Amino acid sequence: MNRRAQISLLLLAGASGAVDALAFTALGTVFAGVMTGNLVLLGISAGRGFWNDVGAPLLALGGYAVGAALAALVCRGVRRDDGRGVWPGRVVGCLAAQTVLLGFVAVTGGVLGGEPSGAWRDVLLVVAAVAMGGQSAAMVAAGTGAAPTTYFTGTLTTLVTGTVDGSARGAGQWWVAGRLFAVVGAAAAAVALWRAAAPWGFVPPAVLTAAAVVCQKPAQRLRRAVTSVHENPLHSPGNGTH
């Protein structure tokens, strides 16, 4: 995996940490991306008989499932790795759509003063969960050119076991550790910003995701595709070939 992919993964891991921290802090004490946590919260609420508390985990689970399903449909059949760490266009497109969703959360959250309540809180939670589900499915579609960026139990396990048995060596190990630190650092930064200036608190996830998309150079790839069409006379609209 090359540096471009590693940096994109680092940014997406940070975005995931920021989204989950903000969801837990400001959107109903649940997670937008960590579905294991939501399943446990759902079980706790059911076990204690607090049926009014099952709504938020269910909304997050439903939103995540929708996002993952949509991304899987969009990315169906893509070539998973070109050997250069460049993610397929449809994968990058899903991340761009995620940026738009998180941008909506940021703008709406800002308009609401950073402390949404009632129906708006539920709406923002669902939209954030859809974005995280889409990110997770997009990384699955990217194959070996990517890695998980919304759940990190396996990442931590791989890092620890690889360090102990010697299978995790070189720069790759440091990138894996960097993703774990990115989750913690971005979560802390997002919550600190939310506490200091609540209307701006939901901005970091959208910025981090947008940076990950830019890191994949989608504009450059689009220009290359357009140039390729113009340089191929068989596909030129003016050559009379149908």
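Note that this is a predicted model, so its numbers are computed, not measured. (Residues numbered from 1 in each chain as written. Predicted model: local features only at pLDDT ≥ 70, side-chain atom pairs only at ≥ 80, totals over all residues. Heavy atoms only, no water.)

### Some words on the nonpolar core
Soluble, globular proteins show a tendency: their nonpolar side chains are buried together.
Right, on to step 1. In this structure, Leu125 and Phe202 are the most contacted members of the largest nonpolar core, which totals 31 residues.
Right, on to step 2. Counting only elements with at least two residues in this core, the list comes to α1 (3–26), α2 (35–48), α3 (55–74), α4 (89–111), α5 (118–142) and α7 (171–196).
Right, on to step 3. The element best represented in this core is α5, accounting for seven residues.
Right, on to step 4. The contact partners of Phe202, leaving out residues within four places of it in the chain, are Leu22, Ala26, Leu27, Leu102, Val105, Ala106, Gly109, Gly114, Pro116 and Trp194.
Right, on to step 5. Judged by nonpolar contacts, the second largest core, of 20 residues, contains Val92, Ala138, Ala147 and Val213. (Core = buried A, V, L, I, M, F, W, Y, C linked by side-chain atoms within 4.5 Å. Buried < 20%, exposed > 50% of the residue type's maximum accessible area, 1.4 Å probe, protein only. Helix = DSSP H or I, 4+ residues; strand = E, 2+ residues; numbered from the N terminus. Contact = heavy atoms within 4.5 Å.)

### Structural notes on α1
Right, on to step 1. Between its first and last C-alpha, α1 extends 34 Å over 24 residues, near the 34 Å set by a 1.5 Å rise per residue.
Right, on to step 2. Judged by how many residues are buried, α1 sits mostly within the fold: 17 of 24 residues are covered.
Right, on to step 3. Capping of α1 at its N-terminal end is provided by Asn2; its side-chain oxygen lies 3.3 Å from the backbone amide nitrogen of Arg4.
Right, on to step 4. The positive-phi residue at the C-terminal boundary of α1 is Gly28, with phi of around 115°. (Expected span 1.5 Å × (residues − 1). Polar contact = N/O pair within 3.5 Å; in protein donor to acceptor, adjacent residues only side chain to side chain.)

### Notes on the packing of α3 against α5
Right, on to step 1. The interhelical angle for the contact between α3 and α5, taken along N-to-C directions, is 40°, at an axis separation of 6 Å. Between α3 and α5, the crossing angle belongs to the class labelled oblique. For the pair α3 and α5, the crossing hand works out as right-handed. Between α3 and α5, the residues in contact are Ala56, Leu59, Ala60, Gly63, Tyr64, Gly67, Ala68, Ala71 and Ala72 and Asp122, Leu125, Val126, Ala129, Val130, Met132, Gly133, Gly134, Ser136, Ala137 and Ala138, respectively.
Right, on to step 2. In terms of residue class, the contact of α3 with α5 is made up of 14 nonpolar, five polar and one charged. (Axes fitted to C-alpha atoms, helices over the stretch in contact; angles between N-to-C directions. Parallel < 35°, antiparallel > 145°, perpendicular 65-115°, else oblique. Left-handed = near helix turned anticlockwise from the far one by under 90°. Nonpolar A, V, L, I, M, F, W, Y, C, P; charged D, E, K, R; others polar.)

### Brief notes about the confidence of the model for the chain
Right, on to step 1. Across the chain, the average pLDDT comes to 87, with 86% of residues at or above 70.
Right, on to step 2. Here residues 234–238 is modelled with pLDDT under 50, and outside its nearest four sequence neighbours on either side it reaches three contacts, counting other chains as well. (pLDDT = per-residue confidence, 0-100.)

### A look at unusual backbone geometry
Right, on to step 1. If you check the backbone angles, Thr29 has positive phi at about 55° while not being a glycine.
Right, on to step 2. In this structure, Thr29 sits in the loop between α1 and α2.

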